[in-house]
Amino acid sequence: MLTQLASFLSFSALDKSWGQALTNSTLLGWLASLFNRIRSNFAQSATSGAGSILQQLAFVLSCLLFLVLALPQFANDKGALALLSTAAMVLWLVGRLAGGKEERKFSSVDAIVLTYLAANIIATFSSHYLVQSIKGLSKVAVYIINYFLLTSVLSTPKRLNKLILAAVVAGFVVSLYGLYQYKIGVAPLATWEDPTVESKGTRIYSTLGNPNLLAGYLIPLFPLALALTVNCLSETAGLFKRTYIRWFSALFCFGMAMTIALATVLTGSRGAFLALGGMAFVIVAALFFYVVAKHKKLIAPIVIAMVVAAAAGALLVHFKFPAFESRILSIFAGSEHSSNAYRIYVWRASARMFMDNWWFGVGPGNSTFPLAYGLYMKSGFDALGTYCVPLEIGVECGLLGIISSLLLTVSLYARAHLTFWQNANLRWIALGLMAALTGLVVQGLVDTVFYRPQVQFLFWLVVAGLVSISLTPSHKTS
């Protein structure tokens, strides 16, 4: 029953029909026909080899994008990241046109993503702040292009593993620098704690200059590193035929995962704590149902072990890490905590913005939001965003934006569920991607670092990863 529901909500039955409808449509059919005619001419010439090289180069640039994503020079120079992503997409398209062998598979998720883009376009040209909204729309377009790039270059699960490895290694290095900051007790760049409610402590920010942004960047990398750990143990081809190489690789990936998790905790980001809890719940729940599906007699022992482990963890935090405990408890302090009070005021004002602009929104982008927010804000509570991603989407691009983003999220979870239970070769990478998506969603409920490129590019990697593995037959692993 659950599998049938997931199959329906994944919209995977529409994957083939969506591709056929797109290529046969009046709007884009002629363009697809022209593209295929030109490509067929190149495919029969000597340039077909060059086309494949260009497509491989596009994948290399994609890996490079995630390797350099957190470098400090890109914290402000976001245009360079956009240029790198767009250049990779152009290379792939030119390579395909020149006879390259890599072919992109259509999915119904493409239609949802394009609907989200359409919502932003409508919001832009119906906005009172046209110039600022066009700037915001250009950023949305870059991320949408990145989605189509990643779903094009991720033609095999091995490529997905390599791309995830590049992102995780970069996150590992960033985490090590953050741990160094914690060791030396780095001074904060701003006031991030409320001393009347919690103990003051060191919050790391590594190369990104903001602990919440660092947390948002690291959150999806933790479960992805765990997925790589399991993949290393299960891989038996090539160098991984040697047992010691499998175990060394798995231990290294597990070490990176634990380092990233520790750095995430040391950011002191309360949104990150919630995200870690959400990811832990998804992973534990999936493992629980996976084990009891094969060994039903283990239900009671597993439940008891989980309760004991949770109680032991709570006691450990209470007696050994009181500052960490006070930081967690401040989440539930309500308006008594200044950061909570600030967010509540912003949420209320943003909700009024949405109710007045629920059809088309005020327009996309962080340049548009403050201009409209000034009409609703309470004095002393200015903001650059809503501090809640679903609310932000509604404010920026209205009801169509909310519906399309909700459909995207539901479809991705459904595809992850189907892959986990139906494709043993991709089970653990599916779980890692689903947990990563959960972490981003949970943190996004209380923060807006989601819109920073360091987080956005990783989000679209997760989306593209889930789409690509859902299109991979269960027998295909390379």
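Only a predicted model underlies this, so the values are computations on that prediction, with no experimental measurement involved. Throughout this document, residue positions are counted from 1 along each chain, in the order its sequence is written. Local features in this predicted model are restricted to residues whose pLDDT is 70 or higher, and side-chain atom pairs enter the listing and the counts only when it is 80 or higher, whereas totals over whole chains, interfaces and linings include all residues. Calculated side-chain values reflect all of the structure's heavy atoms, with hydrogen atoms and water omitted.

Helix and strand definitions here come from DSSP, where helices need a minimum of 4 consecutive H or I residues and strands a minimum of 2 consecutive E residues; each element is numbered from the N-terminal end. Each helix and strand in the protein was counted, giving 19 helices and 0 strands. For a compact globule of 478 residues, the expected C-alpha radius of gyration is about 23 Å, and the protein comes in at 23 Å, within 12% of that figure. By principal-axis analysis of the C-alpha atoms, the protein measures approximately 70 × 60 × 45 Å. Per-residue burial over the protein gives 50% buried out of 478 residues. Long-range contacts, defined here as pairs at least 24 residues apart, represent 78% of the contacts in the protein between residues at least 6 apart. Charged side chains in the protein number 33 positive and 16 negative. The centres of these two groups are separated by 13 Å. Only C-alpha atoms enter the radius of gyration, while the globule expectation follows 2.2 Å times N to the 0.38, with N the number of residues. Residue burial is assigned from relative accessible area. The probe radius is 1.4 Å, only protein chains are included, and a residue is buried under 20% of its type maximum, exposed over 50%, and partly exposed in between. Throughout, a contact is declared for two residues whenever any of their heavy atoms are within 4.5 Å. Charge counting follows a simple rule: Lys and Arg are positive, Asp and Glu are negative, and His as well as the terminal groups are ignored. Lysine's charge is taken at NZ, arginine's at CZ, aspartate's at CG and glutamate's at CD.

This brings us to the packing of helix α6 (residues 108-125) against helix α17 (residues 389-422). Think of two packed helices as two axes; the pair is described by the angle between the axes and how far apart they sit. Axis definition: a line fitted to C-alpha atoms, limited for helices to the stretch in contact. Angles are taken between N-to-C directions and run from 0 to 180 degrees. For the pair α6 and α17, interaxial distance at closest approach is 9 Å and the crossing angle is 170°. Judged by the angle between their axes, α6 and α17 are roughly antiparallel. Between α6, through S108, V109, I112, V113, T115, Y116, A119, N120, I122 and A123, and α17, the contact on the second element is made entirely by I393, E396, C397, L400, G401, S404, L407, L408, S411 and R415. Split into classes, the residues belonging to the contact of α6 with α17 amount to 12 nonpolar, 6 polar and 2 charged. The scheme is simple: roughly parallel for angles under 35 degrees, roughly antiparallel for over 145, roughly perpendicular for 65 to 115, oblique for anything else. Just so you know the grouping, Ala, Val, Leu, Ile, Met, Phe, Trp, Tyr, Cys and Pro go in nonpolar, Asp, Glu, Lys and Arg go in charged, and all remaining residues, Gly too, go in polar.

Next up on the list: helix α15 (residues 338-356). To estimate the expected span of a helix, count its residues, drop one, and scale the result by 1.5 Å. With 19 residues, α15 ought to run about 27 Å at 1.5 Å a step, and its terminal C-alpha atoms sit 28 Å apart, in line with that. Of all the residues in α15, the buried ones are S339, N340, A341, Y342, R343, V346, A349, S350, M353 and F354. In this structure, the buried side of α15 is in contact with α9 (211-218), α12 (270-294), α16 (368-373) and α17.

Turning our attention to the nonpolar core. Only buried residues count toward a nonpolar core. Its members are Ala, Val, Leu, Ile, Met, Phe, Trp, Tyr and Cys residues joined through side-chain atoms within 4.5 Å. In this structure, F66, Y147, V168, Y217, L408, L433 and W460 are the most contacted members of the largest nonpolar core, which totals 107 residues. Top contributing element to this core by residue count: helix α19 (residues 453-470), with 12 residues. Grouped together as the second largest cluster of nonpolar side chains are 16 residues, V346, F369, A383 and L391 included.

Further remarks concern the confidence of the model for the protein. Detailed reading of the predicted coordinates is not advisable wherever pLDDT is low. As a per-residue quantity, pLDDT reports the predictor's confidence and falls between 0 and 100. Per-residue pLDDT for the protein averages 88, and the proportion of residues at 70 or more is 92%. Per-element confidence in the protein ranges from a low mean pLDDT of 69 for helix α3 (residues 29-43) to a high of 97 for helix α18 (residues 427-444).

Bringing empty space enclosed by the protein into the picture now. Here a cavity is any set of points on a 1 Å grid over the protein atoms alone where a 1.4 Å probe fits but cannot get out, and a pocket is any open set with protein on both sides within 12 Å along at least 5 of 7 lines; a residue lines the site when it has an atom within 4 Å of a point. Grid points are joined across faces, edges and corners, and a volume is the space filled by probe spheres set on the points. The tally for this structure, following the rule as stated, stands at 1 cavity of 30 Å³ or more. The calculated volume of the largest cavity comes to roughly 40 Å³. No other element matches the 3 residues that α18 contributes to the lining of the largest cavity. Residue classes in the lining of the largest cavity are distributed as 4 nonpolar, 3 polar and 1 charged.

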